[in-house]
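Now for the letters of each chain:
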Amino acid sequence: MLTTYLAASSFIISCSIAPVSTGVDLAQLDGWDIVLAPDAIASEVYAAEEFRDHLVLAGAPELPIVRTAKRPGRHVFIGSSHDMQRSPVGFSTDGFGSDDLRIVVRDDHIAIAGGRPRGTLYGVYTFLEDYLGIRFVTADFTHVPPVGHYRNIGPIDRFYQPPLIWRWADFKSNYVRPDFAARLRLNADAVSTGRSTRIKRMPIGSTDWSIVGKYGGRSSTEMVLHNLQHLIPPDRYAEEHPEYYQMWEGEKLVIQRYADGRFVEGLQPCLSHPDVRQIITTNVLDKMAKTPDQLNVNVGQNDSSKYCDCDRCAAIDNYEGSPSGSVITMTNLVADAVARNYPGRMVGTFAYSYSEEPPKHLRPRENVLIWYCQHQCFIHAADDPSCERNVIQYDRIKRWSQLTDNLYLWTYYFSHDRRGFQLPLPNLQWIQRDFRSFAALGIKGLFTQAFSSSRGNEFEGLRNYILSRMMWDPTQNAKQLMDEWLDLYYGPAARPIRRWLWRLHDRALASGLHRHCLGGRYDEYGLDESDVQAGFDAIDEAMTLADSDAVRTRVELASIWAYRAALEPVWYVTADKSVEPEVAKQVRPFAIKFFELCRKHGVERVASGGYFAMEKMEIRLKDHLGAW
Ligand SMILES: [Zn+2]
Ligand SMILES: [Zn+2]
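Calculation rules
Residues numbered from 1 in each chain as written. Chains lettered and ligands numbered in written order. Predicted model: local features only at pLDDT ≥ 70, side-chain atom pairs only at ≥ 80, totals over all residues. Heavy atoms only, no water. Donors = N, O, S within 2.8 Å, 3.2 Å for Na, K, Ca; no water. Tetrahedral: all angles 85-135°; square planar, octahedral: opposite > 155°, others 65-115°. Helix = DSSP H or I, 4+ residues; strand = E, 2+ residues; numbered from the N terminus. Buried < 20%, exposed > 50% of the residue type's maximum accessible area, 1.4 Å probe, protein only. Contact = heavy atoms within 4.5 Å. Pairing = 2+ DSSP bridges. Expected span 1.5 Å × (residues − 1). Axes fitted to C-alpha atoms, helices over the stretch in contact; angles between N-to-C directions. Parallel < 35°, antiparallel > 145°, perpendicular 65-115°, else oblique. Left-handed = near helix turned anticlockwise from the far one by under 90°. Nonpolar A, V, L, I, M, F, W, Y, C, P; charged D, E, K, R; others polar.

A. Broad picture of the coordination of the zinc ion (ligand 2). Coordination sphere of the zinc ion (ligand 2), protein contribution only: C377 (SG), H380 (ND1), C387 (SG) and H514 (ND1), at 2.1 to 2.3 Å. One way to put it: the four donor atoms around the zinc ion (ligand 2) meet at angles of 96 to 127°, and that makes the site tetrahedral. Donor residues binding the zinc ion (ligand 2) come from one chain and are separated in sequence as C-x2-H-x6-C-x126-H. One end of the pair, C387, is in the loop between β17 (368-373) and α12 (388-403); the other, H514, is in the loop between α16 (494-510) and α17 (529-545), with 127 residues separating them in the sequence. Overall, H514 belongs to the partly exposed group, its relative accessible area being 43%.

See below:
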């Protein structure tokens, strides 16, 4: 069980328990107070404020926040304190992990406390969701039902430790709104988008909690990126030592330059060369000294499917049955140096592309973490035995999980590149099954790559919510969460939107097709113009059902995704090709509306990167369809 209900006799409870306990009526909190420890850290103070403010929004009185409990009873203890530990709901948080929490409700007392720096704050959000029905729907929309005249809860005593200790959903709102990311209990970060400098990490071994601020900072575990190019840069070494860089099918890739003199994309170092290993190790140790708040320094292979196949590397890889052999051999050597110089710290590396297949004989050292990039078919569940791609992927993840306790996953929940961020992508149906199976394999963290660079993308709010909630607690019912989110966000207009969403999923599954995780054209998911029409019908119906300007605006935003689907016949036509006049005539009005709505709703990008700015796409389609 991921949620553990501790027995009253548990060692963790330090005070005597009354023989018959009663719960607490949250509608009758007049005269209560919120008790913080005198030395509460910023995130615990913020947790108390969040508790107080949301209770007020629910119609309860504004409870004073105090630092000492001056009378017996009617206290909400937020965070561990001397007074809390002496109270009838007292417990110690010693040994709690950074996000672990415990909630005790009994006999005129509530205690919500967790490990530092985030456990107490996450405990408050868990309490608000589970006992007051509050939902953090989007960054700007929190659903707070009135507490009413009677809301008896408890007695309660629950401890929660999230099975995934590293969680990040790659949506722009999570980067720019750290308050919302905290409410979703996302405790990490990915690419450098400014959040990394604003949301700090605790230096390893430090207890100076003032560093991380009111949202509790972020995990000290650094996601693995393609960084070997920085650890042994060809610009610096290739001229003098071409042998430091890879062979590929009998050729030295280092001498193949682009016209402008740049080295080929993703040029890998030769990982079995002793000098290369030494240079990488030296640079890792150097980086470790400079980043005391980073648990791990990474040696992530560059982004290319070509590995070094020189005789020396090939000998290792042949024996290990995979190019992960030379990757892990090098990573283990670096990890040994780190263990000698920085005990307790780690080295991360990828299982990606050619290194997805684990080695046959080697095991990563205990201080190595592996970030597996999972290229699954999104029409089927990760552990679906009938999907060939997923059988291979899942088996690899499983075997890695048997080799290491430090396995993290990089997953993809968006349509990539040319297909674009706005095209509806039916890949939400397996989140519950997938996340549960990952947790069961002991996966430590999940990065769900998505639309970090822009907003207004298909079902973005829903995606973010479901991915984040299910990462926090994979035992939840994802379908129920989705239904609830749609009802809250679209109100009376939810029904047709829901029908549209599930139609796409059902039709994709019924198509018998398989499609990898970076999304696809409509036809690659078995979808066609009838699904485009279904989208327009759903939007029309939703618009007539919408009962407020806020909901109408949300439905209009959703209509962008329907218009985008209508552009499938012309979206991928390259500049050197032309569009049939009949098709152009039919699609043109949809294109005009699509770009008009994108401008209105601030939808700026088709995908990541300068090439995919919305204006560029508009110019391209105007060329094909005639200017407007
Ligand atoms: Zn080599
Ligand atoms: Zn499949």
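Here the narrative resumes.
B. Highlighting unusual backbone geometry. The linkage connecting R116 with the following residue, P117, adopts the cis geometry, with an omega of 10°. As for its placement among the helices and strands, P117 is situated in the loop between β7 (109-114) and α3 (119-132). With an omega dihedral of 5°, the bond running from G154 to P155 counts as a cis peptide bond. Turning to its location among the elements, P155 is positioned in the loop between β10 (152-153) and β11 (156-160). Notably, D108 is not glycine yet its phi reads approximately 65°, a positive angle. Position of D108 among the secondary structure elements: in the loop between β6 (101-106) and β7. For D108, a relative accessible area of 41% gives the class partly exposed. In this model, S353 sits at a positive phi of 55°, which is unusual for a non-glycine residue. Among the structural elements, S353 can be located in the loop between β16 (346-351) and β17.

C. Structural view of the environment of R151. Position of R151 relative to the elements: it lies in the loop between β9 (141-143) and β10. For the pair R151 and D94, spaced 57 residues apart in sequence, the C-alpha separation works out to 31 Å. Those residues within four positions of R151 in sequence are excluded, and the remaining contacts are V24, D25, L26, A27, Y131, L132, G133 and P146.

D. Region of interest: the pairing of strand β8 (residues 135-138). Sheet topology note: the β8/β9 ladder contains three bridges and is antiparallel. Following the sheet pairing, F136 is matched in β9 by T142. Where β8 hands over to β9, the hairpin turn is made up of two residues, counted between the paired strands.

E. The coordination of the zinc ion (ligand 1), seen in detail. Binding of the zinc ion (ligand 1) to the protein goes through C270 (SG), C308 (SG), C310 (SG) and C313 (SG), at separations of 2.3 Å. Here the zinc ion (ligand 1) is ringed by four donor atoms whose angles at the metal span 105 to 114°, and the overall shape comes out tetrahedral. Look at where the donors of the zinc ion (ligand 1) fall in the sequence and you get C-x37-C-x1-C-x2-C. Placement of C270 in the loop between β14 (251-252) and α9 (274-290) and of C308 in the loop between β15 (296-298) and α10 (311-320) is noted, with a sequence separation of 38 residues between them. Overall, the relative accessible area of 2% leaves C270 in the buried class.

F. Looking closely at the side chain of S559. Mapped onto the elements, S559 comes out in helix α18 (residues 549-566). If near-sequence neighbours (up to four positions away) are discounted, S559 is found in contact with I539 and L597.

G. Expanded view of the pairing of strand β5 (residues 75-78). Burial along β5 is two-sided: the face carrying H75 and F77 and the face carrying V76 and I78 are both buried. Direction of pairing for strand β3 (residues 33-35) relative to β5: parallel, over a ladder of three bridges. If you follow V35 over to β5, its bridge partner there is F77. Both β5 and β7 contribute to a ladder of four bridges, which runs parallel. Note on β7: the bridge partner recorded for H75 is H109.

H. Up close: α16. Here α16 contains 17 residues, and its C-alpha end-to-end distance of 24 Å stays within 8% of the 24 Å for a straight helix at 1.5 Å per residue. Residues of α16 that are buried: A494, P496, I497, R498, W500, L501, W502, L504, H505 and A508. Turning to α16, the residues buried within the fold contact α14 (460-472), α15 (478-490), α17 and α18. Just downstream of α16, G512 is the residue with a positive phi angle, here 75°.

I. Highlighting the packing of helix α20 (residues 581-600) against helix α21 (residues 614-625). The interhelical angle for the contact between α20 and α21, taken along N-to-C directions, is 160°, at an axis separation of 11 Å. The angle between α20 and α21 falls in the class roughly antiparallel. Where α20 crosses over α21, the two elements pack in a sense that is left-handed. Note on element contacts: α21 touches α20 through M614, M617, E618, L621, H624 and L625, opposite A584, V587, R588, A591, F594, F595, C598 and R599. Tallied by class, the residues present in the contact of α20 with α21 amount to 10 nonpolar, one polar and three charged.

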